[in-house]
Amino acid sequence: MVAERRKKGQRGHAAAYMTRAKALRKLQLSLTDFRRLCILKGIFPREPRKKRADARHTYYLNKDIQYLAHEPLICKFRELHAHLRKVKRARARREHARAAQLQRSAPVYSLDHLVRERYPTFRDALEDLDDALTTIHLFAEMPQLPMRQTNVSSSGDGYLPIDRQRLDNFARLAQEWQYFVASCPGALRKVFVSVRGYYFEACVQGVRILWAQPHRFHQCVPDEVDLRIMSTFLEFYECLLRMVNFRLYHSVLGTRYPPVWNAEQDHADGLLAQRFRTGRVGKDRARRPPAATETRISSERVAAVKAQLPEVVRAAVAEEVDEERPPAEKATVATRAPDATAPELPGDETTHIPLHSNATIFRGMTFFLCRETPVHVLEMVLRACGADAVGFEAVEARASPLNEADARITHVICDRPVEQLTSRRLGREYLQPQWVFDCVNESFRLPYGLYTVGQPLPPHLSPWASLTDVADTELQGEVNAHGEYVPAYRQYLQRIKRGERNVPLPPELSSEVVQGAVTRTETPPAALVEADEEAGAWAEQGALTTDHPTGRPRPAAAAAAAEPSDRQQLAKMMLSRRKRRLYDRLVARQRRAAQQATALQDKRARLLKPSDSDLHQ
């Protein structure tokens, strides 16, 4: 009996891949439709271990191509191409009435089934929402594109044009998401402002969501950006964000979706709270079950409640510990209210667990925003952190719920010189916008002194700068136990949060340093002398070592890692090759962190040390 002859590339690992050209022939699609279908379905090229054909080819998995072959959108794409050919033929014959009629009867398709396929659970959709929010917010601030970039479907490829109507829809979806974050107490956790825009972090039903939002400036679209590819991503992100907003408005806020749009306030550039009018859901959905049926609890609901018990117990212990802390460290504890960040229990829409501390940072405060500040960003942040009311300096009086003469205003956020504040009133705090963002990042109200109008601002620290929590590590000078550099202002904030009183300001923020730099005194600043004495005290305690080539102290952990002992060398020899490589990578990372910390310390010392010319003047 003759054995079956095996041909190369038909079995094994090589047969699991297919080139892009072969996939196009199998699906009978053009390259543009294939690329568009892969983006919508989440299929991307793969790199096989050994390429059977030319190395320049692009490969896909066979199972992915078979998965695409059963997609109903392929038929819709073919119908759309046939329809576009009819429109093109009518325009060539100058039958304008028929061409307009054909455009109104274009084939319509939906991407809702793709969202359900790619995200089986709602938590999966929330975990993949970062890119969708960032892209939607980016195009929401985009101006009207030129005709050569807008009409991307003129060649008959089927791409949706990025016209003014779609841009307005992106802006509305972004504002609906911002309204949800503002209406969810404690959902917003971190905010960072940079030259590129605003970075936010929110926690929705236990999922951490990060997105970026550009500044409201004129945006220029570069020519090298392929808007056809971006249009396909936007098409899917638009459907995803709409479905997520629908679920959040119904399950968390308990309101109807979409909310009623107030066109008058939108034309006047009003606040989010005035642009939307939300109504409660129907009584049949919001009604609680009777007492007789409450005893019949399903096993799924019991399992969900058991899964949440550790979080509730941990929150209760945290409240007991918070009561034993000093008054300066106590955070305002919210009353038991529906938590928007907790997972929704099946069959129960009124689960109560403690709120995050960010929900009550600005409770009892009424803010008035000046026109030079980012009004819409500040409104979302303030409302998400418990502000009672927010008003702004509007051109039309009806656009703002509060005017500047309102007696309820307690804080005014402005970013202008003191001389331009014409009407300052007693009983109000005039602060700069950075105070709001730093309070959210630190989860408590910061002192007003460093953020008043006209004062030089402290550094705006990034909440994602360090992987380790500074509060849980013992500081050794300007670095922590892991060898990472900790800014002086971060140490100052941590000491305030621990309840310490009379905490001295860092040298670069103290009045002595500022005054010495302005008056050019002949003696070094007092704060610098105190900092040197404090560093000497740390060195005497053995927390720092001074064997660094530059003469600057460095952490003992980094010094020990740089000079391993004989015992550590013997222990390293007993490790396997894989674990030894992992250990070397960890040591190298600690060494790099120590070098970066030393470089930052040297830079800070050079900036604080007065030059010789300043001492002689």
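- By the naming in an unreviewed UniProt entry, the chain is Pescadillo homolog, taken from Cyanidium caldarium.
- UniProt lists a comment for the chain under the heading Sequence similarities (unreviewed entry), and it reads "Belongs to the pescadillo family."
- What the UniProt record of the chain gives under Function (unreviewed entry) is the line "Required for maturation of ribosomal RNAs and formation of the large ribosomal subunit."

## What about the overall build of the chain?
Consideration 1: On a plain count of helices and strands, the chain comes out with 25 helices and 13 strands.
Consideration 2: Across the 617 residues that make up the chain, the buried fraction comes to 40%.
Consideration 3: Look at the contacts in the chain between residues 6 or more apart in sequence, and 63% of them connect residues 24 or more apart.
Consideration 4: About 36,100 Å² of surface is accessible on the chain, with carbon and sulfur atoms providing 52% of the total.

## Digging into the packing of helix α8 (residues 130-140) against helix α10 (residues 164-183)
Consideration 1: One way to put it is that α8 packs onto α10 with a least axis distance of 8 Å and a crossing angle of 125°. The orientation of α8 with respect to α10, classified from their angle, is oblique. The two elements α8 and α10 cross, and the hand of that crossing is left-handed. Of the residues in α10, those in contact with Leu133, Ile136, His137, Phe139 and Ala140 of α8 are Leu167, Phe170, Ala171, Leu173, Ala174, Trp177 and Gln178.
Consideration 2: Among the residues making up the contact of α8 with α10, the classes are represented as 10 nonpolar, 2 polar and no charged.

## Quick notes on the packing of aromatic side chains
Consideration 1: Applying the stated criterion across every chain yields a total of 18 aromatic pairs.
Consideration 2: Relative to phenylalanine 200, the ring of tyrosine 198 lies with its centre 6.3 Å away and its plane at 25°, an arrangement referred to as stacked. For the pair formed by tyrosine 198 and phenylalanine 200, the shared burial category is buried.
Consideration 3: Three or more aromatic residues joined by ring pairs make a cluster, and in this case those are Trp177, Phe180, Tyr198, Phe200, Trp211 and Phe437.
Consideration 4: A cation over an aromatic ring shows up here: arginine 247 above the ring of phenylalanine 122, its NZ or CZ 4.7 Å from the ring centre.
Consideration 5: Its end group placed over the ring of tyrosine 430, arginine 424 keeps NZ or CZ at 5.0 Å from the ring centre.

Reading the values: rules and limits
- Residues numbered from 1 in each chain as written.
- Predicted model: local features only at pLDDT ≥ 70, side-chain atom pairs only at ≥ 80, totals over all residues.
- Heavy atoms only, no water.
- UniProt positions renumbered as here; feature names shortened; annotations may be inferred.
- Helix = DSSP H or I, 4+ residues; strand = E, 2+ residues; numbered from the N terminus.
- Buried < 20%, exposed > 50% of the residue type's maximum accessible area, 1.4 Å probe, protein only.
- Contact = heavy atoms within 4.5 Å.
- Areas by Shrake-Rupley, 256 points an atom, 1.4 Å probe, with all protein chains shown as cover.
- Axes fitted to C-alpha atoms, helices over the stretch in contact; angles between N-to-C directions.
- Parallel < 35°, antiparallel > 145°, perpendicular 65-115°, else oblique.
- Left-handed = near helix turned anticlockwise from the far one by under 90°.
- Nonpolar A, V, L, I, M, F, W, Y, C, P; charged D, E, K, R; others polar.
- Phe/Tyr/Trp six-rings, centres within 6.5 Å; stacked < 30°, edge-to-face > 60°.
- Lys NZ or Arg CZ within 6 Å of the ring centre and 35° of its normal.

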